Amino acid sequence: MSLFRRKTVKFKELPFRTDVHSHLLPGVDDGFKTGETSLSAIEIMRNAGVERIILTPHVFPELYPDNTPSFIRGRFASLAPEFEKTGMKFRIAGEHMIYEGFEEDAEKSRSDLLVLPDNMILIEMSYVFESLNIKDSIFYLNSTGLRPVLAHPERYIYYSKSLHDIRTLMDMDCRLQLNLLSLGGFYGRMVKAKAELMLEKGLYSYLGTDLHRISQIDAIRELDIPWKYVPALEKLCEANDNLFDSAV
Ligand SMILES: [Fe+2]
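As a starting point, this report considers the structure included with it.

So, how was this worked out
- Residues numbered from 1 in each chain as written.
- Predicted model: local features only at pLDDT ≥ 70, side-chain atom pairs only at ≥ 80, totals over all residues.
- Helix = DSSP H or I, 4+ residues; strand = E, 2+ residues; numbered from the N terminus.
- Rg over C-alpha atoms; globule rule 2.2 N^0.38 Å.
- Buried ≥ 20, exposed ≤ 12 C-beta atoms within 10 Å, placed from the backbone.
- Pairing = 2+ DSSP bridges.
- Contact = placed C-beta atoms within 7 Å.
- Axes fitted to C-alpha atoms, helices over the stretch in contact; angles between N-to-C directions.
- Expected span 1.5 Å × (residues − 1).
- Arc of directions from axis to C-beta.
- Core = buried A, V, L, I, M, F, W, Y, C linked by C-beta atoms within 7 Å.

## Quick look at the overall build of the chain
Point 1. Per the secondary structure count, the chain includes nine helices and eleven strands.
Point 2. Over its C-alpha atoms the chain spans a radius of gyration of 17 Å, differing by no more than 12% from the 18 Å that the globule rule assigns to 248 residues.
Point 3. By the burial criterion, 36% of the 248 residues in the chain qualify as buried.

Structural data, given as C-alpha coordinates:
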(Lines give C-alpha, C1' and ligand atoms only; values in the text may rest on other atoms or scores of the structure.)
Protein backbone atom coordinates (compact mmCIF):
# COMPACT_ATOMS: atom_id res chain seq x y z
CA MET A 1 0.00 0.00 0.00
CA SER A 2 1.32 3.39 -0.95
CA LEU A 3 2.35 5.62 1.91
CA PHE A 4 0.57 8.39 0.09
CA ARG A 5 -2.71 6.58 -0.27
CA ARG A 6 -5.45 8.77 1.12
CA LYS A 7 -7.48 7.43 4.00
CA THR A 8 -10.60 9.42 3.18
CA VAL A 9 -12.66 10.48 0.20
CA LYS A 10 -14.77 13.54 -0.46
CA PHE A 11 -18.50 13.59 -1.21
CA LYS A 12 -17.83 14.37 -4.87
CA GLU A 13 -15.94 11.09 -5.20
CA LEU A 14 -18.92 9.03 -4.09
CA PRO A 15 -21.37 7.94 -6.81
CA PHE A 16 -24.07 9.95 -5.05
CA ARG A 17 -26.29 10.78 -8.01
CA THR A 18 -29.67 10.62 -6.29
CA ASP A 19 -30.78 12.29 -3.08
CA VAL A 20 -33.82 10.62 -1.50
CA HIS A 21 -34.34 13.06 1.40
CA SER A 22 -34.25 16.86 1.19
CA HIS A 23 -36.05 20.01 2.30
CA LEU A 24 -35.29 22.01 -0.82
CA LEU A 25 -38.91 22.80 -1.66
CA PRO A 26 -38.86 26.38 -0.36
CA GLY A 27 -41.22 28.01 2.09
CA VAL A 28 -43.12 24.94 3.27
CA ASP A 29 -41.29 23.70 6.38
CA ASP A 30 -38.13 24.34 8.41
CA GLY A 31 -35.99 23.82 5.32
CA PHE A 32 -35.16 26.32 2.58
CA LYS A 33 -37.00 29.61 2.81
CA THR A 34 -36.66 31.06 -0.69
CA GLY A 35 -36.48 29.74 -4.24
CA GLU A 36 -33.17 31.56 -4.74
CA THR A 37 -31.39 29.75 -1.93
CA SER A 38 -32.86 26.43 -3.05
CA LEU A 39 -31.59 27.04 -6.58
CA SER A 40 -28.14 27.92 -5.24
CA ALA A 41 -28.02 24.69 -3.24
CA ILE A 42 -29.24 22.68 -6.24
CA GLU A 43 -26.47 24.21 -8.34
CA ILE A 44 -23.85 23.23 -5.75
CA MET A 45 -25.24 19.69 -5.68
CA ARG A 46 -25.24 19.51 -9.48
CA ASN A 47 -21.58 20.53 -9.51
CA ALA A 48 -20.86 17.77 -6.99
CA GLY A 49 -22.37 15.15 -9.30
CA VAL A 50 -25.97 14.93 -8.03
CA GLU A 51 -28.46 14.41 -10.88
CA ARG A 52 -31.76 13.63 -9.20
CA ILE A 53 -33.43 14.87 -6.03
CA ILE A 54 -36.52 13.70 -4.20
CA LEU A 55 -38.07 16.62 -2.33
CA THR A 56 -39.43 15.47 1.03
CA PRO A 57 -41.06 18.30 3.00
CA HIS A 58 -42.22 17.54 6.52
CA VAL A 59 -45.79 16.28 6.76
CA PHE A 60 -46.91 16.89 10.34
CA PRO A 61 -50.31 18.58 10.70
CA GLU A 62 -49.61 19.88 14.22
CA LEU A 63 -46.52 21.82 13.13
CA TYR A 64 -47.28 22.43 9.44
CA PRO A 65 -51.07 22.54 9.06
CA ASP A 66 -50.80 23.82 5.47
CA ASN A 67 -48.69 20.89 4.30
CA THR A 68 -51.49 18.81 2.84
CA PRO A 69 -50.58 16.60 -0.12
CA SER A 70 -52.44 18.91 -2.53
CA PHE A 71 -50.71 22.05 -1.18
CA ILE A 72 -47.26 20.45 -1.47
CA ARG A 73 -47.97 19.07 -4.93
CA GLY A 74 -49.24 22.49 -6.05
CA ARG A 75 -46.15 24.21 -4.71
CA PHE A 76 -43.93 21.68 -6.47
CA ALA A 77 -45.85 22.09 -9.75
CA SER A 78 -45.41 25.86 -9.65
CA LEU A 79 -41.65 25.68 -9.00
CA ALA A 80 -40.64 22.57 -10.95
CA PRO A 81 -40.14 24.32 -14.33
CA GLU A 82 -37.68 26.77 -12.77
CA PHE A 83 -35.96 24.03 -10.78
CA GLU A 84 -35.59 21.76 -13.80
CA LYS A 85 -33.73 24.47 -15.72
CA THR A 86 -30.77 23.54 -13.48
CA GLY A 87 -30.56 20.19 -15.30
CA MET A 88 -31.54 18.33 -12.14
CA LYS A 89 -34.48 15.89 -12.15
CA PHE A 90 -37.01 16.00 -9.31
CA ARG A 91 -39.70 13.96 -7.69
CA ILE A 92 -41.99 15.04 -4.91
CA ALA A 93 -42.68 13.01 -1.77
CA GLY A 94 -42.94 13.79 1.95
CA GLU A 95 -41.31 13.01 5.28
CA HIS A 96 -44.16 11.83 7.49
CA MET A 97 -44.02 12.35 11.23
CA ILE A 98 -45.47 9.43 13.18
CA TYR A 99 -47.82 11.18 15.61
CA GLU A 100 -50.77 9.93 17.61
CA GLY A 101 -53.52 9.35 15.05
CA PHE A 102 -51.16 8.94 12.08
CA GLU A 103 -52.73 5.68 10.94
CA GLU A 104 -56.27 7.14 10.98
CA ASP A 105 -55.18 10.23 9.01
CA ALA A 106 -53.16 8.13 6.56
CA GLU A 107 -56.15 5.87 6.02
CA LYS A 108 -58.33 8.89 5.15
CA SER A 109 -55.85 10.19 2.56
CA ARG A 110 -54.36 6.88 1.48
CA SER A 111 -54.60 7.40 -2.28
CA ASP A 112 -53.14 10.89 -1.92
CA LEU A 113 -50.12 10.29 0.34
CA LEU A 114 -46.79 11.82 -0.63
CA VAL A 115 -44.94 8.56 -1.13
CA LEU A 116 -41.50 7.86 -2.52
CA PRO A 117 -41.26 5.79 -5.71
CA ASP A 118 -41.91 2.06 -5.45
CA ASN A 119 -44.57 2.64 -2.76
CA MET A 120 -41.92 3.50 -0.20
CA ILE A 121 -42.93 6.07 2.40
CA LEU A 122 -40.43 8.15 4.39
CA ILE A 123 -41.33 8.38 8.09
CA GLU A 124 -39.70 10.08 11.06
CA MET A 125 -40.09 10.54 14.81
CA SER A 126 -39.12 13.12 17.40
CA TYR A 127 -35.40 12.96 18.22
CA VAL A 128 -36.09 12.74 21.94
CA PHE A 129 -39.27 10.65 22.34
CA GLU A 130 -40.12 7.49 20.48
CA SER A 131 -43.60 7.63 18.92
CA LEU A 132 -45.80 5.33 20.99
CA ASN A 133 -47.46 4.04 17.83
CA ILE A 134 -44.35 3.50 15.71
CA LYS A 135 -44.82 -0.26 15.54
CA ASP A 136 -48.56 0.06 14.86
CA SER A 137 -47.81 2.57 12.10
CA ILE A 138 -45.19 0.35 10.48
CA PHE A 139 -47.62 -2.56 10.64
CA TYR A 140 -50.42 -0.41 9.22
CA LEU A 141 -48.31 0.92 6.33
CA ASN A 142 -47.09 -2.53 5.36
CA SER A 143 -50.65 -3.87 5.53
CA THR A 144 -51.73 -1.26 2.94
CA GLY A 145 -48.92 -2.13 0.55
CA LEU A 146 -46.76 0.86 1.51
CA ARG A 147 -43.14 0.21 2.48
CA PRO A 148 -41.91 2.33 5.38
CA VAL A 149 -38.43 3.87 5.35
CA LEU A 150 -37.39 5.37 8.69
CA ALA A 151 -35.36 8.56 8.25
CA HIS A 152 -32.06 8.94 10.15
CA PRO A 153 -32.55 6.28 12.89
CA GLU A 154 -29.05 7.08 14.15
CA ARG A 155 -30.35 10.47 15.37
CA TYR A 156 -32.98 9.10 17.76
CA ILE A 157 -31.34 9.36 21.17
CA TYR A 158 -33.63 6.72 22.71
CA TYR A 159 -32.23 4.03 20.41
CA SER A 160 -29.10 2.69 22.03
CA LYS A 161 -25.98 1.41 20.39
CA SER A 162 -27.16 -2.11 21.17
CA LEU A 163 -29.43 -1.54 18.13
CA HIS A 164 -32.01 -3.86 19.65
CA ASP A 165 -34.94 -1.46 19.06
CA ILE A 166 -33.81 -0.60 15.56
CA ARG A 167 -33.54 -4.28 14.66
CA THR A 168 -37.07 -4.83 15.98
CA LEU A 169 -38.35 -2.22 13.51
CA MET A 170 -36.32 -3.81 10.70
CA ASP A 171 -37.83 -7.18 11.56
CA MET A 172 -41.22 -5.55 10.98
CA ASP A 173 -40.10 -4.72 7.43
CA CYS A 174 -39.06 -1.13 8.01
CA ARG A 175 -36.08 0.11 5.99
CA LEU A 176 -33.58 2.68 7.26
CA GLN A 177 -32.13 5.82 5.69
CA LEU A 178 -28.77 7.25 6.75
CA ASN A 179 -28.08 11.00 6.85
CA LEU A 180 -24.69 11.79 5.30
CA LEU A 181 -24.03 14.46 7.90
CA SER A 182 -24.33 11.90 10.70
CA LEU A 183 -21.04 10.40 9.50
CA GLY A 184 -19.32 13.76 9.89
CA GLY A 185 -20.32 14.23 13.52
CA PHE A 186 -22.65 17.06 12.53
CA TYR A 187 -25.26 15.89 15.04
CA GLY A 188 -22.78 14.89 17.74
CA ARG A 189 -20.38 12.08 18.59
CA MET A 190 -23.03 9.59 19.71
CA VAL A 191 -24.96 9.92 16.46
CA LYS A 192 -21.75 9.54 14.47
CA ALA A 193 -20.77 6.40 16.37
CA LYS A 194 -24.20 4.87 15.89
CA ALA A 195 -24.24 5.72 12.18
CA GLU A 196 -20.81 4.13 11.70
CA LEU A 197 -21.85 1.00 13.56
CA MET A 198 -25.08 0.64 11.60
CA LEU A 199 -23.25 1.22 8.33
CA GLU A 200 -20.66 -1.43 9.23
CA LYS A 201 -23.45 -3.87 10.02
CA GLY A 202 -25.20 -3.16 6.73
CA LEU A 203 -28.46 -2.01 8.32
CA TYR A 204 -29.19 0.92 6.00
CA SER A 205 -31.12 0.80 2.75
CA TYR A 206 -30.76 4.40 1.55
CA LEU A 207 -28.59 7.51 1.92
CA GLY A 208 -29.81 11.11 2.05
CA THR A 209 -28.66 14.65 2.69
CA ASP A 210 -31.78 15.76 4.66
CA LEU A 211 -30.73 19.18 3.42
CA HIS A 212 -32.37 22.08 5.28
CA ARG A 213 -29.99 24.95 4.55
CA ILE A 214 -27.13 25.83 2.27
CA SER A 215 -24.45 25.55 4.94
CA GLN A 216 -25.26 21.84 5.17
CA ILE A 217 -24.36 21.14 1.54
CA ASP A 218 -21.08 22.95 2.15
CA ALA A 219 -20.53 20.75 5.21
CA ILE A 220 -21.31 17.63 3.15
CA ARG A 221 -18.81 18.66 0.50
CA GLU A 222 -16.17 19.10 3.17
CA LEU A 223 -16.73 15.69 4.79
CA ASP A 224 -13.73 13.41 5.02
CA ILE A 225 -15.33 10.02 4.50
CA PRO A 226 -13.16 7.09 5.63
CA TRP A 227 -12.28 4.67 2.84
CA LYS A 228 -13.56 1.75 4.87
CA TYR A 229 -17.15 3.03 4.51
CA VAL A 230 -16.98 3.64 0.78
CA PRO A 231 -18.12 0.15 -0.39
CA ALA A 232 -21.18 0.31 1.88
CA LEU A 233 -21.96 3.87 0.80
CA GLU A 234 -21.62 2.92 -2.87
CA LYS A 235 -24.27 0.26 -2.38
CA LEU A 236 -26.61 2.80 -0.81
CA CYS A 237 -26.00 5.22 -3.68
CA GLU A 238 -26.97 2.48 -6.12
CA ALA A 239 -30.11 1.73 -4.10
CA ASN A 240 -30.96 5.46 -4.26
CA ASP A 241 -30.60 5.40 -8.06
CA ASN A 242 -32.82 2.34 -8.34
CA LEU A 243 -35.43 3.90 -6.08
CA PHE A 244 -35.65 7.05 -8.20
CA ASP A 245 -35.99 4.96 -11.35
CA SER A 246 -38.76 2.79 -9.90
CA ALA A 247 -42.32 3.19 -11.08
CA VAL A 248 -44.48 5.24 -8.72
FE1 LIG B 1 -35.88 15.52 6.89
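## Overview of the sheet that holds strand β10 (residues 206-208)
Point 1. As summarised here, the arrangement of the six strands in space is β4-β6-β7-β8-β9-β10, forming an open sheet in which the pairing is parallel. Lying at the two open borders of the sheet, with one neighbouring strand each, are β4 (58-59) and β10.
Point 2. Along the sheet, helix α9 (residues 230-245) makes contact with β7 (120-124), β9 (175-179) and β10, crossing β10 at roughly 90°.

## Thoughts on α9
Point 1. In this model α9 runs 23 Å from its N-terminal to its C-terminal C-alpha over 16 residues, within 8% of the 22 Å that 1.5 Å per residue would give.
Point 2. If you check which residues of α9 are buried, you get Leu233, Leu236, Asn240, Leu243 and Phe244. Each buried residue of α9 sits inside an arc of 95° when the element is viewed along its axis, so together they form one side. Pointing more than 90 degrees away from the buried face of α9 are the exposed residues Pro231 and Asp245.
Point 3. Looking at the buried positions of α9, the neighbouring elements they touch are β2 (18-19), β3 (52-55), β5 (89-92), β7, β9 and β10.

## Points about the nonpolar core
Grouped burial of nonpolar side chains is what soluble globular proteins tend to show.
Point 1. Membership of the largest hydrophobic core comes to 59 residues, with the highest contact counts inside it found for Leu24, Leu116, Ile121 and Val149.
Point 2. When sequence neighbours within four positions are dropped, the list of residues in contact with leucine 116 reads Val20, Ile54, Ala93, Ile121, Leu122, Val149 and Leu243.

## Quick notes on the sheet that holds β2
In a beta sheet, neighbouring strands are held together by backbone hydrogen bonds and run either parallel or antiparallel to one another.
Point 1. One open sheet holds the three strands; their spatial order is β2-β3-β5, and the pairing between them is parallel. The strands lining the two open edges of the sheet, one partner per strand, are β2 and β5.
Point 2. Strand direction decides the pairing type here: β2 and β3, joined by two bridges, are parallel. Bridge pairing in β3 places aspartate 19 opposite isoleucine 53.
Point 3. Relative to β5, helix α2 (residues 69-84) is tilted by about 180°, and along the sheet it contacts β3 and β5.

## A word on the environment of methionine 88
Point 1. Structurally, methionine 88 can be placed in the loop between α2 and β5.
Point 2. The class for methionine 88 is partly exposed, based on 18 C-beta atoms found within 10 Å.
Point 3. Between the alpha carbons of methionine 88 and leucine 113 there is a distance of 24 Å; along the sequence they are 25 residues apart.
Point 4. Dropping the residues within four chain positions of it, methionine 88 is found in contact with Ile42, Arg46, Glu51, Arg52, Ile53 and Phe83.

## A short note on unusual backbone geometry
Keep in mind that most residues, glycine aside, have a negative phi and that most peptide bonds are trans.
Point 1. For histidine 152, which is not a glycine, the phi torsion comes out positive at approximately 35°.
Point 2. Assignment of secondary structure puts histidine 152 in the loop between β8 (147-151) and α5 (164-171).
Point 3. You can call histidine 152 buried: it has 22 C-beta atoms within 10 Å.
Point 4. A positive phi is found at aspartate 173, a non-glycine position, where the angle reads about 75°.
Point 5. Its location among the elements puts aspartate 173 in the loop between α5 and β9.

## Focus on the pairing of β7
Side-chain positions along a regular strand alternate between the two faces of the sheet.
Point 1. The buried count for β7 comes to five of five residues, which makes it a mostly enclosed element.
Point 2. Residues Met120, Leu122 and Glu124 line one face of β7 and the alternating positions Ile121 and Ile123 line the opposite face, and both faces are buried.
Point 3. Where strand β6 (residues 95-97) and β7 come together, three bridges link them in parallel fashion. Note on β7: the bridge partner recorded for methionine 97 is glutamate 124.
Point 4. Pairing geometry for β7 and β8, over four bridges, is parallel. Following the sheet pairing, isoleucine 121 is matched in β8 by proline 148.

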